[in-house]
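# Per-entry structural report
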Amino acid sequence: MAATTSEYQAHGLLGTVAEPDWPRLTLAEVDRLLRRYPDAGGAERMISFSPRPFSAASVVATPRGEVFVKRHHRSVRDREGLLEEHRLIAFLAETKWDGRGSLVSPVMADRNGETAIVDDEWTYEVHAQARGVDVYEEALSWTPFLSCGHAHAAGQALAKLHIAAKGYDAPARKARQLVTSFSVFAGIEAKDYPVSRMEEYLVSRPYLKEYADARSWRDSFDELLLPLYSELRPWLAYLKPLWTHNDFHASNLMWNGGGGDAEVTGIIDFGLADRTNAVHDLATAIERNIVEWLRMAEPDDGVVHLDHLDALLAGYEELSPLSYEEARALVTILPLVHCEFALSETDYFLSILRSQEKAYLAYEGYFLAHASWFKCRQGRRLLKHLERWAEAGSRNRMGER
């Protein structure tokens, strides 16, 4: 299933470029696909190849304009899995936002009205080219905003997304590859203790279970993760379920220009979306954009961009202010917010790519090391900054209730 050597490269796990895991799209392949789409009519040439590692994707020139084609292996995203995402996207695209239209565009449909196309071992989706400038097209995950202005605009866009999603009441996704869920640390009652939730999570992922068992995952829980959960637990009751993006990074946003004061014109890539909550999604945005994890071993305070954090939060709260309890939850959920996607990545590398090396990086270097980082000086500094922010606004927030 993995790709052979090719002339293009994908983003690697350590901030480098690497051979892609999946073969790139070809002109003949996308032409055959796009002839099914009245709004495309076939393919004329390949314009670009996405460096994102979990699928193959390209911007393609067609007789009726440019489109974005994305191909998944069926073991990663089958038709039903894609339709879970497409139904959310359709809802958001049809929802009234702020008088200037939605920031989300609907998925293109073929002549039969289908948005998820299955062809042998592959599943395809086609999107109209997003409106705006892809300023962060080559940016890796865990790299910062270019300016405080971008961070502020992103915070506003995330708030708009959460407001628009409030009417969407679909159940959480089924267990799937590469999805950011919130279940292991979401329980309040004794029966929902994280150890029990983790056991349930692993049962449906046998490769991951074998791997985690061999690494005595229960010890990691007792020593590292359960103390973090105990800090979060008092605030869990205040988190309302919401369908969320779960990969809100600057590279998944389109902009009306490249300047430092640019505004967001579009939100793309809902591949990790699931039913979590707004605070979880905001914490994910902080994780993805504020900490330069590829530099996490460096003592430099510049690894954490607190000015961007303040701007992101200010932009968000201009449109969707947090309650005091939600603000406290944000502080305590941040060290845990990455956990389920890190586990999902580990399972993907084990069960789909069969790569022990990449699984090790996802489990030890992401799942455990990122949680441990919050015990170091810079991690404590970030959490203390968030605590001061939560408490500084507590009088206003408590007055709003």
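See above for the structure.
Report on the accompanying structure. (Residues numbered from 1 in each chain as written. Predicted model: local features only at pLDDT ≥ 70, side-chain atom pairs only at ≥ 80, totals over all residues. Heavy atoms only, no water.)

### Focus on the side chain of aspartate 274
Here aspartate 274 is to be found in strand β11 (residues 274-277). As a buried residue without a salt bridge, aspartate 274 has its nearest oppositely charged side chain in arginine 173, at a separation of 5.4 Å. In terms of polar contacts, aspartate 274 uses its side chain to reach the backbone amide nitrogen of arginine 173, at 2.8 Å. In this structure, aspartate 274 is in contact with Ala172, Arg173, Val179, Thr180, Ser181, Leu242, Trp243, Thr244 and Asn246, ignoring residues within four places of it in sequence. (Helix = DSSP H or I, 4+ residues; strand = E, 2+ residues; numbered from the N terminus. Buried < 20%, exposed > 50% of the residue type's maximum accessible area, 1.4 Å probe, protein only. Lys, Arg positive; Asp, Glu negative; His and termini not counted. Salt bridge = Lys/Arg side-chain N within 4 Å of Asp/Glu carboxyl O. Polar contact = N/O pair within 3.5 Å; in protein donor to acceptor, adjacent residues only side chain to side chain. Contact = heavy atoms within 4.5 Å.)

### A short note on helix α12 (residues 377-392)
With 16 residues, α12 should cover 22 Å at 1.5 Å per step; its first-to-last C-alpha distance of 22 Å lies within 8% of that length. Among the residues making up α12, those that are buried are Gln378, Gly379, Leu382, Leu383, His385, Leu386, Trp389 and Ala390. One side of α12 carries all its buried residues, which in axial view fall inside an arc of 155 degrees. (Expected span 1.5 Å × (residues − 1). Arc of directions from axis to C-beta.)

### Quick word on the sheet that holds strand β7 (residues 122-128)
Here 5 strands make up an open sheet; going across it, the order is β3-β4-β5-β7-β6 and the pairing antiparallel. Every other strand in the sheet has two partners, leaving β3 (45-49) and β6 (117-119) as the edge strands with one partner each. Sheet twist, expressed as the mean angle between neighbouring strand axes with direction ignored, is 30 degrees. Sheet strands in contact with helix α1 (residues 27-34) are β3, β4 (56-62), β5 (65-73), β6 and β7, and its direction is about 105 degrees off that of β5. Those strands touched by helix α2 (residues 79-94) are β5, β6 and β7, and its axis lies near 20 degrees from that of β7. (Pairing = 2+ DSSP bridges. Axes fitted to C-alpha atoms, helices over the stretch in contact; angles between N-to-C directions.)

### Quick word on the nonpolar core
Within the largest apolar cluster, 125 residues are counted, with the highest numbers of intra-cluster contacts made by Leu34, Val69, Phe221, Leu225 and Leu330. It is helix α3 (residues 148-165) that provides the largest number of residues to this core, a total of 9 residues. (Core = buried A, V, L, I, M, F, W, Y, C linked by side-chain atoms within 4.5 Å.)

### Digging into the pairing of β5
The sheet contact formed by β4 and β5 spans 7 bridges and is antiparallel. If you follow valine 60 over to β5, its bridge partner there is valine 67.

### Description of the packing of aromatic side chains
The full count for this structure, using the stated rule, is 17 aromatic pairs. Taking the centre distance of 5.7 Å and the plane angle of 15 degrees together, the rings of phenylalanine 185 and phenylalanine 221 count as stacked. Pair noted here: phenylalanine 185 is in the loop between α3 and α4 (194-203) and phenylalanine 221 is in helix α6 (residues 217-232), with a separation of 36 residues, a long-range link. On the numbers, 5.2 Å between centres and 50 degrees between planes, the contact of tyrosine 363 with phenylalanine 367 is tilted. Highlighted residues: tyrosine 363 and phenylalanine 367, both in helix α11 (residues 356-373), separated by 4 residues, approximately one helical turn. Per residue, the accessibility class of tyrosine 363 equals that of phenylalanine 367, and both read buried. What links up through ring pairs into an aromatic cluster is the set Phe185, Tyr193, Trp217, Phe221 and Tyr229. Lying across the ring of tryptophan 122, arginine 71 places its NZ or CZ 4.4 Å from the centre. Here the basic side chain of arginine 205 rests over the ring of tyrosine 201, its NZ or CZ set 3.6 Å away from the ring centre. (Phe/Tyr/Trp six-rings, centres within 6.5 Å; stacked < 30°, edge-to-face > 60°. Lys NZ or Arg CZ within 6 Å of the ring centre and 35° of its normal.)

### Quick notes on unusual backbone geometry
Even without a glycine there, the phi angle at leucine 178 is positive, about 55 degrees. Mapped onto the elements of the fold, leucine 178 is located in the loop between α3 and α4. When its relative accessible area of 3% is taken as the criterion, leucine 178 is described as buried. In this model, serine 216 sits at a positive phi of 50 degrees, which is unusual for a non-glycine residue. You can see serine 216 is positioned in the loop between α5 (206-214) and α6. Residue serine 216 is classed as partly exposed on the basis of its relative accessible area, which comes to 35%.

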